[in-house]
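The residues making up each chain are set out below.
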Amino acid sequence: MPPSCRSHQRVTPLAIIDFVKKLFSPPPPPRPEPEPQPVAPTWPRVYPRPEHIISRSHISDNALKVLGRLRQSGYQAYLVGGCVRDLLLGREPKDFDVVTDARPEEVREVFRNCRLVGRRFRLAHVYFGDEIVEVATFRSRSGEDSQGAHVHANGRILRDNAYGNIEDDAFRRDFTVNALYYNIEDFSVVDYVGGMDDHKAAILRLIGDDPEQRYREDPVRMLRAVRFAVKLGFSIHPDCAEPIPRLARLLGEIPPARLYDEMLKLFLGGYAVQTFEQLRQHGLFAALFPDTERCLGREPEGFPLTFLAKSLENTDQRIGAGKPVTPYFLFAALLWEPTRARAESLVAGGQNPLLAYQDAAGEVIARQVQRVAIPRTLTLPIRELWSLQPRLENTTGRAFRMLGHPRFRAAYDFLVLRAATGEADPDLADWWTRFQTASEAEQKAMTRTGRRQASARSKPRKRRNRAKSRKQDASTPTP
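A short tour of the structure in this document, coming up. Fair warning: this is a prediction, and the values are worked out from it, not measured in the lab.

1. Digging into the pattern of salt bridges
Scanning all chains against the criterion turns up 25 salt bridges. Residues R246 and E212 are paired through a salt bridge, measuring 3.4 Å at the closest nitrogen-oxygen approach. On the criterion of sequence distance, the pair formed by R246 in helix 10 (residues 244-247) and E212 in helix 7 (residues 211-217) is long-range, its members being 34 residues apart. Take R246: its relative accessible area is 41%, and that puts it in the partly exposed class. The salt bridge involving R407 is made with E384; its shortest N-O contact spans 2.9 Å. Of this pair, R407 sits in the loop between helix 20 (399-403) and helix 21 (408-420) while E384 is found in helix 19 (residues 376-391), placing the two residues 23 residues apart along the sequence. Residue classification places R407 among the partly exposed residues on the basis of a relative accessible area of 24%. One salt-bridge network, in which partners are shared between bridges, spans E212, R216, E242 and R246.

Structure below.
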């Protein structure tokens, strides 16, 4: 039957009610759209030239020569490490480090002015007069290749000449901000570990998920963390700062000669005061200078802390003014308090002050060189500087001899610092200040009267007639 001939279906009341309800009911709420899933970052991140401030005009010409010649020879070559980090901060790097896939022996074949150095890390130094461009080969992430990497039982790397690619090399570096690579080919910055984000946030973070393991591989990384944080004005990430006090003792396993080099970097960089505070805060200073730390602990608000802080502040001021700083003066200040305390103990026991300071110096230095090696070229001036402190208290005729002593100027500066912090007599420091600039006649007058007050000098003492005294002594009956 055709549709037109069909009979109409009967509509029930219930159907009509349902239709009306649907007609006047509110529309259903829209379905929430699914939240976008975070997209995992792709590595490496490449920051082209418009996204950073590094310019070739700020890079050493010799470093550019090394980069260019390695690439011309068919090798990869990048700037890496502290120079890239400092350039991104707008600072002038003190040196430029290059990393490449060429082995050290291959680098030497490219550059005649090259010398291979190091056992723990084999490096190539390319010499351009006084400037040295350091070239390293990409290191392996696993630490193993045909040569192998020798590792200590507690996880410390003793020798690491296992080579890899640039990505392996990035993950083998210590801090993310030190693992940024500048590509001279397209002027971009290559980032495998999120170093650019940490750089912008001023955060110092170790590469990897286990900071304790990274510190055990090389405990010196704890000192580097403090040095970089102070120098750059960065904060150490809490996960990286937490293990340091527990692992500070591992510095005792580092060769003392290597720690000496680290001390110079820590305290002669122009931030000695802040570095000292950070080392104490993280428990590292006690591992490096245990005798000094014990003295500071006994008198946290006394002369030792004030004198040492003043000495470090003076060091920073001299570096900031471009004046030379002698390492022996720095170590003399760092070790002065245990030496002074021991010498005073010996003097209290009846020993001559000059001999007491010599013996105390020998004891303190002998213990210290077991932690931080101090070359003999420094220990001798340190001993002389300390031994001159009690001799400076003699302001009579022997004062002329002191002016000719090769360590007089350093000993005088040391005395002035002690006087400024209340440890030594300010009048004594003032006397030596005036004595150096006085005329010969004034100097003779000063040595006759010494440091006596003007009121005392105004009343000259009566000289005893020695001949008359001898007659009186002879006529006096012996009991």
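Don't stop here, the text continues.
2. Some words on the packing of helix 8 (residues 220-232) against helix 11 (residues 256-267)
Viewed as axis vectors pointing N to C, helix 8 and helix 11 meet at an angle of 5°, and their least axial separation amounts to 10 Å. Overall, the two elements helix 8 and helix 11 adopt an arrangement that is roughly parallel. Only R258, L259, E262, M263, K265 and L266 of helix 11 make contact with helix 8, whose side of the interface consists of V220, L223, R224 and R227. Residues belonging to the contact of helix 8 with helix 11 are distributed by class as follows: five nonpolar, no polar and five charged.

3. Quick word on empty space enclosed by the protein
Counted under the stated rule, the structure contains one cavity of 30 Å³ or more. As a volume, the largest cavity reaches approximately 40 Å³. Around the largest cavity, the lining residues are T292, L296, P304, F307, L308, A333, L334, W336 and E337. Among the secondary structure elements, those contributing two or more residues to the lining of the largest cavity are helix 14 (290-298), helix 15 (303-320), helix 16 (327-334) and helix 17 (336-348). When residues of the lining of the largest cavity are assigned to their parent elements, the largest contribution, three residues, is made by helix 15.

4. So, helix 11
Since the α-helix packs 3.6 residues into each turn, any two residues three or four apart lie on the same face. Across its 12 residues, helix 11 extends 16 Å between first and last C-alpha, which sits within 8% of the 16 Å expected from 1.5 Å per residue. What helix 11 keeps buried is the set L259, Y260, E262, M263, L266 and F267. Viewed along the axis of helix 11, the buried residues span an arc of 165°, placing them on a single side of the element.

5. Some words on the environment of L204
In this structure, L204 sits in strand 11 (residues 203-204). Residue classification places L204 among the buried positions, given a relative accessible area of 0%. On a C-alpha basis, the gap between L204 and L232 in space is 9.4 Å, while along the polypeptide they are 28 residues apart. If we skip the residues at most four places from it in the chain, L204 touches F175, V177, A225, F228, A229, F234, S235, I236 and H237.

Conventions adopted
- Numbering of residues starts from 1 in each chain and follows the order in which that chain's sequence is written.
- Only residues with pLDDT of at least 70 are given local features in this predicted model, and only at 80 or more are side-chain atom pairs given and counted; all residues enter the totals for whole chains, interfaces and linings.
- As a convention, hydrogens and water are excluded, and side-chain values are obtained from all of the structure's heavy atoms.
- Salt bridges are defined as contacts in which a side-chain nitrogen from Lys or Arg sits within 4 Å of a carboxyl oxygen from Asp or Glu.
- Secondary structure elements are defined from DSSP: runs of H or I of at least 4 residues count as helices, runs of E of at least 2 residues count as strands, and each element is numbered from the N terminus.
- The buried label goes to any residue with under 20% of its type's maximum accessible area, the exposed label to any with over 50%, and the partly exposed label to all in between, with areas taken from a 1.4 Å probe on protein chains only.
- Fitted lines through C-alpha atoms serve as axes, helices being fitted only where they are in contact, and the angles separating the N-to-C directions of these axes extend from 0 to 180 degrees.
- Each angle gets one of four labels, with under 35 degrees taken as roughly parallel, over 145 as roughly antiparallel, 65 to 115 as roughly perpendicular, and the rest as oblique.
- Any two residues having at least one pair of non-hydrogen atoms within 4.5 Å are treated as being in contact.
- Under this grouping Gly is polar, as are all residues other than the nonpolar Ala, Val, Leu, Ile, Met, Phe, Trp, Tyr, Cys and Pro and the charged Asp, Glu, Lys and Arg.
- Here a cavity denotes grid points, spaced 1 Å and computed from the protein atoms alone, that fit a 1.4 Å probe unable to get out, and a pocket denotes an open set having protein on both sides within 12 Å along at least 5 of 7 lines; residues with an atom within 4 Å of a point are the lining.
- Grid points are joined across faces, edges and corners, and a volume is the space filled by probe spheres set on the points.
- Here the expected span of a helix is defined as 1.5 Å times the quantity of residues minus one.
- What the arc measures is the spread of directions leading from the helix axis to the C-beta atoms.

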